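Understanding the architecture of this molecule
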Amino acid sequence: MASTRDELLDALIQEMPWYISAATRFQIAVADQLGMPLTDVHAIGALLEIGPAGVRRLADLMGMTTGAVTRLVDRLERAGYVLREPDPADRRRVVVQVVPERVADIAQYYEPIGERWSEQVSAYSDAQLEFVLDFLRQGREHAQTETTTLRTQGRPHATRRKSAD
């Protein structure tokens, strides 16, 4: 176990990408169990995070073209995971929303890890819980910032094509 502050900081910085990698491998394993592409599982997660959304917003969030997301939503709708419904704010638009009963089918794969996390954090003090929550929220913000940077300044991808000069 690390004993000095520098060793603790080094260990934490080293552990973060390993944690992210393990979480990604877990997501891939869930997608495999469901017989779904990983992007479809992530789209369901994105809709759970942001709520009902139009295809454009979902495409922007996922870094995909609207055409690719339309095909993804078609697959999810055929499988019963999402519904397209009129946007209550603008009946000319359509929003995509998850079907809670079908998401419950996916939740079974997350329940064991959720139980482990719950058991782990139940022993934490309120101050420790506040720290972990703050750490995760700031980490999510950092990841979103870096994702935006890569999408706007890095190699062109689905949401930022090079113009034909």
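Residues numbered from 1 in each chain as written. Predicted model: local features only at pLDDT ≥ 70, side-chain atom pairs only at ≥ 80, totals over all residues. Heavy atoms only, no water.

1. So, the pattern of salt bridges
As a reminder of what qualifies: Salt bridges are counted wherever a side-chain nitrogen of Lys or Arg sits within 4 Å of a carboxyl oxygen of Asp or Glu. For the purposes of this entry, the term helix denotes a DSSP run of H or I that reaches at least four residues, the term strand denotes a run of E that reaches at least two, and both are numbered from the N terminus. In this scheme, a residue with accessible area under 20% of its type's maximum is buried, one over 50% is exposed, and one in between is partly exposed, where area comes from a 1.4 Å probe on protein chains only.
In total, this model carries seven salt bridges according to the counting rule given. For the salt bridge of R75 with D40, the shortest nitrogen-to-oxygen distance reads 2.6 Å. One end of the pair, R75, is in helix α4 (residues 66-78); the other, D40, is in helix α2 (residues 38-50), and 35 residues separate them in sequence. Assessed through its relative accessible area of 2%, D40 is described here as buried. Here R56 and D60 are joined by a salt bridge, their closest N and O atoms 3.4 Å apart. Residue R56 and its partner D60 are both found in helix α3 (residues 55-62); the two are separated by four residues, about one turn of the helix. Judged by its relative accessible area of 38%, D60 falls in the partly exposed class. What you see here is one network of salt bridges that share partners, running through D74, E77 and R84.

2. Concerning the environment of L12
Tracing the backbone through its elements, the reader meets L12 in helix α1 (residues 5-34). As a C-alpha pair, L12 and T39 span 27 residues in sequence and 29 Å in three-dimensional space.

3. Regarding α4
Note the following rule: For a helix, the expected span equals 1.5 Å multiplied by the number of residues minus one. This arc is built from the directions going out from the helix axis to the C-beta atoms.
Counted at 1.5 Å a residue, the expected span for α4 with its 13 residues is 18 Å, and the 18 Å between its end C-alpha atoms agrees. Burial in α4 covers these residues: A68, V69, L72, V73 and L76. Relative to the axis of α4, the buried residues are bounded by an arc of 135° and lie together on one face. In α4, the exposed residues that point more than 90 degrees away from the buried face are R71 and R78.

4. Remarks on the side chain of Q27
Note the following rule: Counting of polar contacts relies on pairs of N or O atoms within 3.5 Å, with two restrictions inside protein: one atom must be capable of donating a hydrogen and the other of accepting it, and residues adjacent in sequence are counted only when both atoms are side-chain atoms. Contacts were defined at the residue level, with two residues in contact if any of their heavy atoms lie within 4.5 Å.
Structurally, Q27 is set in helix α1. In this structure the side chain of Q27 is engaged in a polar contact, spanning 2.3 Å, whose partner is the side chain of Y110. Leaving out residues up to four positions away in the same chain, Q27 has contacts with L38, V41, H42 and Y110.

5. Section: a nonpolar patch on the surface
As a reminder of what qualifies: Only residues whose relative accessible area exceeds 30% and that form no salt bridge enter a patch; like-charged residues are grouped when within 9 Å of one another, and nonpolar side chains (Val, Leu, Ile, Met, Phe, Trp, Tyr) when within 5 Å. What sets the accessible areas is the Shrake-Rupley method with a 1.4 Å probe; for residues, cover comes only from the shown protein chains.
There is a patch of nonpolar side chains on the surface, built from L12, F131, F135 and L136 and spanning about 380 Å² of accessible area. Among the elements that take part in the nonpolar patch, helix α6 (residues 126-153) stands out by supplying three residues, more than any other. Along the chain, L136 turns up in helix α6. Residue classification places L136 among the partly exposed positions, given a relative accessible area of 48%.

6. Quick word on the packing of α1 against α2
Keep this limit in mind: Axis definition: a line fitted to C-alpha atoms, over the contacting stretch in the case of helices. Angles run 0 to 180 degrees between N-to-C directions. Here the angle decides the label: under 35 degrees means roughly parallel, over 145 means roughly antiparallel, 65 to 115 means roughly perpendicular, and every other value means oblique. We call Asp, Glu, Lys and Arg charged. Ala, Val, Leu, Ile, Met, Phe, Trp, Tyr, Cys and Pro are nonpolar, and the rest, Gly among them, are polar.
Orientation of α1 relative to α2, taken along the N-to-C sense of each, is 105°, at an axis distance of 9 Å. In terms of orientation, α1 lies roughly perpendicular with respect to α2. Contact with α1, carried on its side by Q27, I28, A31 and L34, involves L38, V41 and H42 of α2 and no other residues of that element. Taken together, the residues that form the contact of α1 with α2 break down as five nonpolar, two polar and no charged.

7. Observations regarding the nonpolar core
Cut-off, in case you're wondering: What is meant by a nonpolar core is a set of buried Ala, Val, Leu, Ile, Met, Phe, Trp, Tyr and Cys residues, joined one to another through side-chain atoms within 4.5 Å.
Membership of the largest hydrophobic core comes to 23 residues, with the highest contact counts inside it found for I44 and L76. Put simply, the parts of the chain that give this core at least two residues each are α2, α3, α4, β2 (90-98) and α5 (100-122). Beyond its immediate stretch of four places on either side in the chain, I44 contacts M36, L76, Y81, V98, V103 and I106.

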